[in-house]
Amino acid sequence: KSFSRGGEIVCLTQSTVSQHIAALEEEVDTKLFDRTQQCALLTAGGKVFYRHARRILAERDQLLQEMAAFNGQCGGELLIGASNIPANYLIPPLLPLLAKQHPELSINMQSGDSQKVISRLLDAEVELAIVGSCPEYGKLEYRSLASDLLVLIVGPQHRWRQQGMISLEELANEPLIVREKGSGSEKALLQELQRIDFAASKLQIAARLGSNEAVRRVVAAGYGCAFVSERSVQRELENEELVKISVGGMRVERHFWLARLKGRTPSPAATAVTELLFKTYSPGGSF
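Bear in mind that the values here come from a model prediction, so they are computed numbers and not experimental data. (Residues numbered from 1 in each chain as written. Predicted model: local features only at pLDDT ≥ 70, side-chain atom pairs only at ≥ 80, totals over all residues. Heavy atoms only, no water.)

**Student:** With reference to specific residues and values, describe the pairing of strand β6 (residues 140-154).
**Tutor:** In regular strands, side chains alternate between the two faces of the sheet. Counting buried positions over the 15 residues of β6 gives 11, a clear majority of the element. Where β6 and strand β12 (residues 252-261) come together, 10 bridges link them in antiparallel fashion. Residue pairing in the sheet places Tyr142 in a bridge with Ala259 of β12. Across four bridges, the pairing between β6 and strand β10 (residues 225-229) is antiparallel. Looking across to β10, one finds that Val151 is bridged to Val228. Relative to strand β11 (residues 243-247), β6 runs antiparallel, the two sharing three bridges. Looking at the pairing, Leu152 lines up with Ile245 of β11. (Buried < 20%, exposed > 50% of the residue type's maximum accessible area, 1.4 Å probe, protein only. Helix = DSSP H or I, 4+ residues; strand = E, 2+ residues; numbered from the N terminus. Pairing = 2+ DSSP bridges.)

And the structure:
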């Protein structure tokens, strides 16, 4: 959002960046940026250009990786997408192993909710994606990578703390904090409610928040309850900053899926990371 800050990253002056952008806008006969005193913002045409540019750069990176494979190399940068829990709890433990086995390879990870990550995969902006749901797209293939248990949490002073277990009716009468629409955790919750034949409309959705951290903070502060990945709250549960509550008849479990485009030849980097993911989280698994 700033020509001067963008110029610093690519070692160009602000005026040179402005000249390049002006030349580009003239070439494509489209205004790409709205320039204000505070910042530079993409126009609608600029957003279209940006989407295609990212795809072109991703294809360039794959080309360079495949050319390197002819020389027996497994280097370069792998573009990978991951929804929030995989991005925070599945990918980081792999990095030391990856650095040891393939020191010439680096990971460029983009995170977001499952739907956004899948959209980036469909647009070829990333080569692999790890997500908490697997919407049906004919262009994609999925493999189960790991399971994840969603648990109900409340704050340390909540009245349920001493109960340990509640009924579905009690759950329906309590404000519930959830992630944004399209998140894997919400889909898993809705699927479980459908399985036990409990109408989701009975729940009191008090807020939809864009990150697990925001959900945890609200609940820890004493407001409502939330279903979150057990992986994401281990430390808070151990420190009694949050309390886990069982709900009679419910078990919200989901899977994390590794996804890629059908028919696309994987780069050496993608093959190496895929093998390491399956070896670590799903021994025997493969595409």
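Structure shown, so let's carry the discussion forward.
**Student:** Any chance you could break down a nonpolar patch on the surface for me, citing the residues and the numbers?
**Tutor:** A cluster of nonpolar side chains, contributed by Ile9, Val10 and Leu12, occupies part of the molecular surface with about 300 Å² of accessible area. Here Leu12 shows up in the loop between α1 (3-9) and α2 (14-28). Overall, the relative accessible area of 35% leaves Leu12 in the partly exposed class. (Patch = residues over 30% accessible without salt bridge, like charges linked within 9 Å, V, L, I, M, F, W, Y side chains within 5 Å. Areas by Shrake-Rupley, 256 points an atom, 1.4 Å probe, with all protein chains shown as cover. Salt bridge = Lys/Arg side-chain N within 4 Å of Asp/Glu carboxyl O.)

**Student:** Tell me about the environment of Gln204, and please be specific about residues and values.
**Tutor:** Along the chain, Gln204 turns up in strand β9 (residues 204-209). Put simply, Gln204 and His158 are 46 residues apart on the chain and 17 Å apart in space, counted from C-alpha to C-alpha. Residues in contact with Gln204, not counting those within four places in the same chain, are Ala172, Asn173, Glu174, Pro175 and Leu176. (Contact = heavy atoms within 4.5 Å.)

**Student:** Lay out helix α9 (residues 212-220) in plain terms, naming residues and giving numbers.
**Tutor:** Within the sequence span of α9, burial applies to Asn212, Val215, Arg216 and Val219. Buried positions in α9, seen along its axis, are confined to an arc of 95° and lie on one side of it. Check the buried side of α9 and you find it contacts α4 (84-90), β6, β8 (175-179), β9, β10 and α10 (234-238). Looking at the residues trailing α9, positive phi occurs at Gly222, about 110°. (Arc of directions from axis to C-beta.)

Geometric descriptors of this kind do not, in isolation, establish any biological role.
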